[in-house]
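Each chain, written out:
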Amino acid sequence: MSIETLTSSVRNIQDFPIPGVLFRDITTLFQSPTHLKELSDILYQRYQNKGITKVVGIESRGFFMGPVAAIRLGAGFVPVRKPGKLPYKVIEETYTKEYGEDAIQIHEDALSSDDVVLLHDDLLATGGTMVAAYNLVKKLGVKKIYINFLIELEELNGRQHFPKEVEINSIIKF
């Protein structure tokens, strides 16, 4: 299978969630066992030799492939969630969205200085949520951070918000 086949399998929904937006629906990829396996294989091949010890997935769509990648890589999985969803002590990062501020949290003991982290989410658009997740993970003092997305909307230039030394990958680009 090719990246082109995966790309053509993403469903486009016009005017969602608001008029004027073309939404890239990845649920079509997850419904196909062939596509799901291909995504899993790509993630594994891309990160198998990086020493990943933890995959950090961002709520909620980072929870789809994040655990799959963790299993394949022999790593643990750590969720980054919206405030009030994690039961233990947390650290929080606030970030600006299109219509105001939002925040995400991680357990304060979820990562250590020995961890090599793969930060994963479904979509890189403007980058705000992932930058906040990157800052959270960095605060916990990990060895190295890699960032991965299933889809990248290149015209929104989300990559520009990350330090140049951070390796950022996306599987499908629009």
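Look up: the structure comes first, before these words.
Remember, predicted model here, so these are calculated numbers, not experimental data. (Residues numbered from 1 in each chain as written. Predicted model: local features only at pLDDT ≥ 70, side-chain atom pairs only at ≥ 80, totals over all residues. Heavy atoms only, no water.)

Caption draft 1: Quick look at the packing of helix H3 (residues 33-47) against helix H4 (residues 62-73). At a closest axis distance of 9 Å, the pairing of H3 and H4 adopts a crossing angle of 55°. As summarised for this structure, H3 and H4 are arranged oblique, according to the angle between their axes. Here H3 and H4 pass one another in a crossing that is right-handed. Contact residues: H3 offers Leu-36, Leu-39, Ser-40, Asp-41, Leu-43, Tyr-44 and Tyr-47, while H4 offers Met-65, Val-68, Ala-69, Arg-72 and Leu-73. In the contact of H3 with H4, the residues fall into nine nonpolar, one polar and two charged. (Axes fitted to C-alpha atoms, helices over the stretch in contact; angles between N-to-C directions. Helix = DSSP H or I, 4+ residues; strand = E, 2+ residues; numbered from the N terminus. Parallel < 35°, antiparallel > 145°, perpendicular 65-115°, else oblique. Left-handed = near helix turned anticlockwise from the far one by under 90°. Contact = heavy atoms within 4.5 Å. Nonpolar A, V, L, I, M, F, W, Y, C, P; charged D, E, K, R; others polar.)

Caption draft 2: Molecular detail of unusual backbone geometry. That bond from Phe-16 to Pro-17 is cis: its omega, 5°, falls within 30 degrees of zero. With respect to the element layout, Pro-17 can be found in the loop between strand S1 (11-14) and strand S2 (22-25). Residues Glu-59 and Ser-60 are joined by a peptide bond in cis, for which omega reads -10°. The residue Ser-60 is located in the loop between strand S3 (54-58) and H4 in this model.

Caption draft 3: Quick look at the sheet that holds strand S9 (residues 167-173). Ordered in space as S4-S3-S7-S8-S9, the five strands form an open sheet in which the pairing is parallel. Two strands in the sheet have a free side with no partner beyond their single neighbour: strand S4 (76-80) and S9. Neighbouring strand axes in the sheet, compared pairwise and without regard to direction, differ in orientation by 20° on average. (Pairing = 2+ DSSP bridges.)

Caption draft 4: A look at the side chain of Ser-32. When you line up the elements, Ser-32 lands in the loop between helix H2 (27-31) and H3. Among the polar contacts made by the side chain of Ser-32, one reaches the side chain of His-35 at a distance of 2.7 Å. (Polar contact = N/O pair within 3.5 Å; in protein donor to acceptor, adjacent residues only side chain to side chain.)

Caption draft 5: Here's a closer look at the pairing of strand S7 (residues 116-124). For S7, a buried count of eight out of nine residues is recorded, marking the element as mostly surrounded by other parts of the structure. In terms of strand pairing, S3 meets S7 through four bridges, oriented parallel. Its bridge partner being in S7, Lys-54 is matched across the sheet by Val-117. Sheet topology places S7 next to strand S8 (residues 144-152); eight bridges connect them, and they run parallel. Of the residues in S8, the one forming a bridge with Val-117 is Ile-145. In the classification by handedness, the crossover that spans S7, the intervening helix H5 (residues 128-139) and the parallel S8 is right-handed. (Buried < 20%, exposed > 50% of the residue type's maximum accessible area, 1.4 Å probe, protein only. Right-handed = clockwise from strand over helix to strand, strands pointing away.)

Caption draft 6: Representation of the layout of surface pockets. There is about 1,200 Å³ of room inside the largest pocket. In this structure, the largest pocket is lined by 40 residues; those nearest its centre are Arg-61, Lys-97, Leu-123, Ala-125 and Thr-129. Listed by contribution, the elements that provide at least two residues to the lining of the largest pocket are S2, strand S5 (90-97), strand S6 (100-107), S7, H5 and S8. Classifying every residue of the lining of the largest pocket by side-chain character gives 20 nonpolar, eight polar and twelve charged. Approximately 150 Å³ is the volume found for the second largest pocket. Lining the second largest pocket, in full, are Tyr-134, Lys-138, Val-142, Lys-143, Lys-144, Ile-145, Glu-165 and Val-166. Secondary-structure elements contributing two or more residues to the lining of the second largest pocket are H5 and S8. In the lining of the second largest pocket, the residues fall into four nonpolar, no polar and four charged. (1 Å grid on protein atoms, 1.4 Å probe; cavity = no way out; pocket = protein on both sides within 12 Å on 5 of 7 lines; lining within 4 Å. Points joined across faces, edges and corners; volume = space filled by probe spheres on them.)

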